[in-house]
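Per-entry structural report
Each chain is listed here by its residues.
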Amino acid sequence: MESATIAFLGLGHMGLPMAKNLVAAGYDVRAFDVVQAAVDAASDAGIPTAVSSLEAIRGASVVLTMFPGGQQLLDAYRGVDGPGLLSSAGPDTLFLDCSTINVDDAREAARLALEAGHRSIDAPVSGGVVGAEAGTLTFMIGALAADLESVRPLLEVMGGKLVHCGEHGAGQAAKVCNNMILGVSMIAASEAFVLGEKLGLTHQALYDVVSTASGQCWAVTTNCPVPGPVPASPANRDYQPGFAGALMAKDLGLAVNAIQSTGVAAELGPLAARIYERFRDEGGAGRDFSGIITDIRDRSEGAD
Ligand code: NAD
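Fair warning: this is a prediction, and the values are worked out from it, not measured in the lab.

Moving on, we get to the overall build of the protein chain. Secondary structure summary: the protein chain contains 14 helices and 8 strands in total. Its C-alpha atoms give the protein chain a radius of gyration of 21 Å, near enough to 19 Å, the size a compact globule of 304 residues would have. Reported as C-alpha extents along the three principal axes, the dimensions of the protein chain are approximately 65 × 45 × 35 Å. Within the protein chain, buried positions represent 48% of all 304 residues.

This is how it looks when you write it as structure tokens:
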């Protein structure tokens, strides 16, 4: 697949290092972003750039997108003030979207791509900017098996783990479900640590119990919301992300949309979404999502 020509669209925090890794692995990449500064940064990083998305996709066998959300993706596919990507790409192009978007938007994007005679994969990632730089992202993949096989080597350049979750939309479905568990469990862990403080427990004592008992979870053992027990957790560096509160609020919003469109009787997911929206709006947007514990602590002041 090193012979693949990749149009790489969306050169933000994640896209830039991902594109850089593809170039380093010998892929023929042509990159573009609607923000000129992002194109300049890519050029400075040695990534060949194009002057428009339509120039980037000319002759490309793969169109990889790394956009903020589903609206940008659907607009780009359809075209807003001119021809879109789908009508401009050569026949049987593989549209590989790595953005995190609504499950329904991912299914619509795939439907549009197939209708236009192309192939489609949704492959959102986890691992953040650190994983994008190191090429160790986890890809959650919604695709036909043959389509996945055709881009597996390319994904392995950017990722350490590929999980084929099912057909179109399944990658996004797995991502929202996982992040809903993460958001809810971080709130639960943070409430428990603040309750422990009020009850006179040290952080270390509570950690030593929870990390080996039935409350064990990633929110405690890897991203512990209090400083000390897990030296690498963002709590030890004043909650610098890590995984920013704005992104957690966004992902829980996607989970709520999926809950509404499926009619699942979920209560904690929507509640967690509201809690992270407030965190985001009250100064937590750029802080690690585990900083939610400082909110809980502030709201608990004077309660004892
Ligand atoms: P970002 O906002 O830094 O980058 C998105 C880029 O897409 C921007 O530079 C924007 O100008 C560009 N863009 C928008 N529309 C475009 C178009 N039509 N053509 C070309 N470029 C266009 O976002 P990010 O942090 O890089 O995240 C990208 C995606 O990955 C998001 O969906 C996010 O939810 C997801 N994600 C991010 C992280 C993270 O830690 N940052 C982790 C996992 C998943």
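Having put the structure on the table, let's press on.
This next bit is on the environment of N178. Relative to the assigned elements, N178 resides in helix α9 (residues 170-198). The sequence separation of N178 and A60 amounts to 118 residues, and the corresponding C-alpha distance is 33 Å. A distance of 3.0 Å separates the side chain of N178 from the side chain of N179, its partner in a polar contact.

Bringing the pairing of strand β7 (residues 137-142) into the picture now. Within β7, 5 of the 6 residues are buried, which leaves the element mostly enclosed by the surrounding structure. With 2 bridges connecting them, strand β6 (residues 125-126) and β7 associate as antiparallel partners. Bridge assignment links S126 to a residue of β7, and that residue is T138. The parallel pair β7 and strand β8 (residues 159-166) is bridged by helix α8 (residues 145-158), and the resulting crossover is right-handed.

The next point concerns the environment of A249. Within the element layout of this structure, A249 appears in helix α12 (residues 245-262). A residue is classified by how much of its surface remains accessible, and A249, at 4% relative accessible area, is buried. Considering only alpha carbons, one finds A249 and R274, 25 residues apart in sequence, at a separation of 8.0 Å. When sequence neighbours within four positions are dropped, the list of residues in contact with A249 reads Y276, E277 and R280.

The next subject is the site of the ligand. Looking at the ligand, there are 20 residues lining it, with H13, M14, D33, F67 and K250 nearest. Contact distances for the ligand include 2.6 Å between an oxygen atom and a side-chain N or O atom of D33. Coverage of the ligand by the protein amounts to 84% of the 840 Å² it exposes when considered alone. Taken together, the elements giving at least two residues each to the shell around the ligand come down to α7 (128-134) and α12. Class assignment for the residues of the shell around the ligand results in 10 nonpolar, 7 polar and 3 charged.

In this section: the pattern of salt bridges. Tallying each qualifying case throughout the model produces 10 salt bridges. With a closest N to O distance of 2.8 Å, R297 and E197 form a salt bridge. Of this pair, R297 sits in helix α14 (residues 292-300) while E197 sits in helix α9; the two residues are 100 residues apart in sequence, bridging distant segments of the chain. Taking relative accessible area as the criterion, R297 reaches 26% and is therefore assigned partly exposed. Given the relative accessible area of 26%, E197 is considered partly exposed. Where D281 meets R280, a salt bridge forms, and the shortest distance between an N and an O atom there is 2.9 Å.

So, how was this worked out
- Residues numbered from 1 in each chain as written.
- Predicted model: local features only at pLDDT ≥ 70, side-chain atom pairs only at ≥ 80, totals over all residues.
- Heavy atoms only, no water.
- Helix = DSSP H or I, 4+ residues; strand = E, 2+ residues; numbered from the N terminus.
- Rg over C-alpha atoms; globule rule 2.2 N^0.38 Å.
- Buried < 20%, exposed > 50% of the residue type's maximum accessible area, 1.4 Å probe, protein only.
- Polar contact = N/O pair within 3.5 Å; in protein donor to acceptor, adjacent residues only side chain to side chain.
- Pairing = 2+ DSSP bridges.
- Right-handed = clockwise from strand over helix to strand, strands pointing away.
- Contact = heavy atoms within 4.5 Å.
- Near = heavy atom within 4 Å.
- Areas by Shrake-Rupley, 256 points an atom, 1.4 Å probe, with all protein chains shown as cover.
- Nonpolar A, V, L, I, M, F, W, Y, C, P; charged D, E, K, R; others polar.
- Salt bridge = Lys/Arg side-chain N within 4 Å of Asp/Glu carboxyl O.

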